[in-house]
Amino acid sequence: MSRFDLVVVNGTVVLPGLGPQRMDLGVKDGKIAAIAASLAASDGAEVVDARNRHVLPGAVDSHTHVGIYRPFSADALSESTSAVAGGTTTMISYFRTGSHYLNKTGSYREIFPEVLKLSAGQFRCDYSYHVAPMTNGHLDEMEWLVDQGVGSFKLYMFYKSLTLSSDSTKGREYTMSDDYDLGYLYEIMERAAALTKARGRRISLSLHCENPELIRTFINRIKAQGLTGLEAYSHARPTLSEELAIEEAVVLSHAAGCPVNLLHLSSGAAVTKGIEVKRRYPDDDILLEATLHHLMLNWHNAGGYTAKVNPPIRTPQDQEVLWAAVKDGHIATVVSDHAALSKDKKEGDFWAAWPGFGGTGMLYPVLLSEGVLKRGLTLERAVDLVSANPARSFGLYPKKGAIAIGSDADLAIVDLTTPKTVTAASLHSAQDFTPFEGMQLNGWPVATVLRGRVVFANDQPVGTPGGDFLRRA
Ligand SMILES: [Zn+2]
């Protein structure tokens, strides 16, 4: 019998605190069991030769939307296939009641078990959930959700107008919420803060920071001018709206003592505001997040109307401010905000088209190509941004997020030298388009390993879906 179930030999392994090292890995029972200068191929029942390759801990994509726009189980299967194609071995996905997803409201005590049932046996990567309270009843279910392994919550600040404006009937049909305003936000924060204290670990609130009153005003102006397209959309949801929402959020989170994640900062103004509020409240737990699309896309290079997303795609100048904050460490996590949908949902009336698109299959390739190879980010920092930091921030470290003895053997074995052109097909997603079409990226996995099993190799998924639900504790 072999000493190990799997050995990964001849690769350059990115280790926490040490960076890239020529090391071999031995895997036993799904865990890293040996990190050694040299292991024999005969030590492993299975052998992966990683010569001229880099071996990274699998990415932990802490912002995805599995099941938002497509049937839940089918979406879990197709989009987790895209994940492993890009070296992502854990997806932490947002779930809420209301329109899209399961298109209903009700108690999470009933709906969350249904989500887990629809997920079981469908994922090729491991997965976990953040949940958004939407109704008053949900506030009292937060503790129960924490007991189910949900360690983080969400509020969409721009949904407020949907329940307050003259159009509130239609808005409430969409959110299926009760009063969804700053008072409700504060109530969630108080509960998350109390749970953080009681459990002695980080129970955080993620915030989509855009101010709805400003969006309403600016959308009306831009529509009145008859404009459409990415530039118009950016002006219709201006960076001012992000800045104001961040201010509102952190004044409240500081008062409540609630750890917060400021999601998908899209603009130079939003990042600058995020850095400013972290300085103002140095003892507060405020995490800044960026998406790969705000780092990669601008009005000119994105695939036109298909890149409609909230918050919007901005300018090349905004991108460089984002990259600088990624490099200097102000931004802690880079994510995909993956929400797969078909191209027909993007066509027709620009203002009615659905926002979002997929990207989880490009998380490592974007960081490695544009961050490491083009902008001098170290490999270790790239690993921090898409694997270690999200795992730490959301209660999964060191099971996930590190190549270390005893950690899950989740590996992205990547080729830094061979560029590949992004196409919809290359991403192995159900999405029939990509706003990144034609871009050249390096850093694609030649093999992706989940708990010691090769789940993607030779540009194909391998085996049946074996992803586990990760109960965060
Ligand atoms: Zn999102």
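Residues numbered from 1 in each chain as written. Predicted model: local features only at pLDDT ≥ 70, side-chain atom pairs only at ≥ 80, totals over all residues. Heavy atoms only, no water.

K.L.:
Could you give me a rundown of the environment of N261, with the residues and numbers involved?
P.N.:
Its place among the elements puts N261 in strand β13 (residues 260-262). Residue classification places N261 among the buried positions, given a relative accessible area of 0%. A sequence separation of 142 residues divides N261 from I403, and the C-alpha atoms of the two residues are 25 Å apart. Residues within four places of N261 in sequence aside, it is in contact with R202, S204, L205, S206, L207, L287 and F394. Side chain to side chain, N261 and R202 meet in a polar contact 2.7 Å long. (Helix = DSSP H or I, 4+ residues; strand = E, 2+ residues; numbered from the N terminus. Buried < 20%, exposed > 50% of the residue type's maximum accessible area, 1.4 Å probe, protein only. Contact = heavy atoms within 4.5 Å. Polar contact = N/O pair within 3.5 Å; in protein donor to acceptor, adjacent residues only side chain to side chain.)

K.L.:
Tell me about the side chain of T448, and please be specific about residues and values.
P.N.:
Following the sequence through the fold, T448 ends up in strand β19 (residues 444-450). Judged by its relative accessible area of 0%, T448 is buried.

K.L.:
So what about the environment of S80? Which residues, and what values?
P.N.:
By secondary structure assignment, the location of S80 is in helix α1 (residues 72-85). According to the relative accessible area criterion, S80 is buried, its value standing at 0%. When the C-alpha atoms of S80 and Y127 are compared, they prove to be 9.0 Å apart, with 47 residues separating the residues in sequence. Excluding its chain neighbours within four sequence positions, the residues that come into contact with S80 are D75, M91, Q122, F123, R124 and C125. Only 3.3 Å separates the side chain of S80 from the backbone oxygen of L77, close enough to count as a polar contact.

K.L.:
Let's hear about unusual backbone geometry: which residues, and what values?
P.N.:
Cis geometry is adopted by the peptide bond preceding P311, which originates at N310 and carries an omega value of -15°. Unusually for a residue other than glycine, N10 sits at a positive phi of about 70°. Relative to the assigned elements, N10 resides in the loop between β1 (4-9) and β2 (12-15). The class of N10 is partly exposed, set by a relative accessible area of 24%. One non-glycine residue, D337, adopts positive backbone phi at about 55°. For D337, the location among the structural elements is in the loop between β15 (333-335) and α14 (363-375). Its relative accessible area of 9% is what places D337 among the buried residues.

K.L.:
Explain the state of the cysteines residue by residue, including any values.
P.N.:
Two cysteines joined by a covalent bond between their sulfur atoms form a disulfide. This structure, assessed with the given rule, holds zero disulfides. Distance from the sulfur of C209, which forms no disulfide, to the nearest cysteine sulfur (C258) is 12 Å. (Disulfide = S-S within 2.5 Å.)

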